[in-house]
Amino acid sequence: MLSRALVHFARVPLQNVPAQRRAAAIRLQLLQLSPWPNTGFAFRVAADTANIWYWDEDAIAARVAAIGARPDSVIAVPESEMRATTAAGEALLIRSLDGVEGQVWRAGELQASMWWPQAPDAAGWAAFALDAGIEPSDPPVVRSAEWKPRPSEGLSIQRGVTTAATEGTMIAVRVAAALLGAYAVWLGVAQVRLELALRAAAQTRSEIEARLGPVLDLRRQADRDATAAARLLALRAPVTQAELLLALADVAGEGKPLSLREWEFRDDRLRIVLSADSDRYDRAGALAALARVPWLRDISLAGDETPNSLALQARVAAPDAAATTTARP
């Protein structure tokens, strides 16, 4: 078991990397991350991201040889993988074999880890918190974590990864750089072609708009005229006063028991006062005749009639309006 002081921690994204190629992808990352020429590592993958513990493999081999064992007979496991820590809190300080380990957890996954030989002060903890993406606060209380009998499932351990810049590595790097350079040139050419195509499309659009400009202006003017005409038509009364007077001929006029004395037509409201030769006129018949006028709605008494007159008010609407003609005494 490797104490926390002997290992480093890192997180590496592995989006779109097949499972069988993950270890190789991590080896490439260790070419930049590891300070040692021979690096061992263990990793765990969750949500396309690998948590990596890596160490100086030569130093571990020397320790193993010192106790008379063969390096290939020993499995190296990081101490943190043998601790029964949980994500109960977002930020933790765990007592390790030879120091203190700070951890930050999110959604059940370890996001950051840092080792100190002793509990960090406020400044050291604040620096770690900012690097881990959490708000700085007072360091949490250092607590102990129980040992697990074995690492959790999903931990993969790799030994003896050469991370020094060998001749083969340099050739591979040069080939990769050449491929990246060719790809960059291709992207540059594609970008130029795209910009030329966009300029040609913009020029074509400008020419089309110039030709269609007068037509579009006429269309907009026609739309404005149609809107104005619709507003004017909405203001027009559904019937003229002459048509109403003719329709009331069955109720009042020459030879009728009632004659028209007052007439007021404003907006969609009509008020009339009919006078009778005597107070014995057929009031119900007059109301029934008014109810048959197709433009009158909501006919009611005006309330200021005299014994020999009939004052009425009604709403004027088109014959097909969604309303029911009623006469109320």
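Residues numbered from 1 in each chain as written. Predicted model: local features only at pLDDT ≥ 70, side-chain atom pairs only at ≥ 80, totals over all residues. Heavy atoms only, no water.

**Q** Is there a simple way to think about helix α6 (residues 283-291) in this case?
**A** Because each turn of an α-helix spans 3.6 residues, side chains separated by three or four positions in sequence point in the same direction. Regarding α6, the residues found buried are A286, L287, A289 and L290. In a view along the axis of α6, the buried residues occupy a sector of 160°, so they form one face of it. Residues of α6 that are buried sit in contact with β9 (258-266), β10 (269-276), β11 (296-301) and β12 (309-316). (Buried < 20%, exposed > 50% of the residue type's maximum accessible area, 1.4 Å probe, protein only. Helix = DSSP H or I, 4+ residues; strand = E, 2+ residues; numbered from the N terminus. Arc of directions from axis to C-beta. Contact = heavy atoms within 4.5 Å.)

**Q** Would you explain empty space enclosed by the protein in this entry?
**A** In this approach, a probe sized like a water molecule rolls over the atoms, and the result shows the empty space that is left. Counted under the stated rule, the structure contains one cavity of 30 Å³ or more. Taken as a whole, the largest cavity encloses approximately 50 Å³ of empty space. L270, I272, L290, L296, I299, L312, Q313 and A314 are the residues that line the largest cavity. The element contributing the most residues to the lining of the largest cavity is β12, with three residues. Each residue belonging to the lining of the largest cavity can be placed in one class, and the counts come to seven nonpolar, one polar and no charged. (1 Å grid on protein atoms, 1.4 Å probe; cavity = no way out; pocket = protein on both sides within 12 Å on 5 of 7 lines; lining within 4 Å. Points joined across faces, edges and corners; volume = space filled by probe spheres on them. Nonpolar A, V, L, I, M, F, W, Y, C, P; charged D, E, K, R; others polar.)

**Q** Honestly, the sheet that holds β9 in this entry has me stumped. Any pointers?
**A** Strand pairing in a sheet relies on backbone hydrogen bonds. The paired strands run either parallel or antiparallel. Strands sit in the order β9-β10-β12-β11 across an open sheet of four strands; the sheet is antiparallel. Each edge of the open sheet is held by one strand with a lone partner, namely β9 and β11. Direction aside, neighbouring strands of the sheet carry axes that sit 20° apart on average. Pairing geometry for β11 and β12, over four bridges, is antiparallel. Bridging from a neighbouring strand, S300 pairs with Q313 of β12. (Pairing = 2+ DSSP bridges. Axes fitted to C-alpha atoms, helices over the stretch in contact; angles between N-to-C directions.)

**Q** So what exactly am I meant to see when it comes to the confidence of the model for the chain here?
**A** Low pLDDT marks regions whose predicted coordinates should not be analysed in detail. In this model, the chain carries a mean pLDDT of 84, and residues with pLDDT of at least 70 account for 88%. The model gives residues 321-329 a pLDDT under 50, and that stretch makes 18 contacts with residues more than four places away or in other chains. (pLDDT = per-residue confidence, 0-100.)

**Q** Sorry, what's going on with the packing of aromatic side chains here?
**A** Between two aromatic rings, the relevant description is the distance of the centres plus the angle of the planes. This structure, assessed with the given rule, holds seven aromatic pairs. Put simply, the rings of W116, W125 and F128 touch in pairs and so form one group of aromatic residues. In this structure, R83 packs its charged tip against the face of W147, placed 3.8 Å from the ring centre. (Phe/Tyr/Trp six-rings, centres within 6.5 Å; stacked < 30°, edge-to-face > 60°. Lys NZ or Arg CZ within 6 Å of the ring centre and 35° of its normal.)

**Q** Help me out: how do you make sense of helix α3 (residues 122-132) in this one?
**A** Taken as a whole, α3 has its buried residues at W125, A126, F128, A129 and A132. Buried residues of α3, viewed axially, fall in a sector of 165°; they line one side. Projecting away from the buried face of α3 at angles above 90 degrees are the exposed residues A123, L130 and D131. Contacts made by the buried residues of α3 are with β4 (91-96), β5 (99-106) and β6 (109-116). Note on α3: the residue one or two positions beyond its end, G133, has a positive phi of about 85°.

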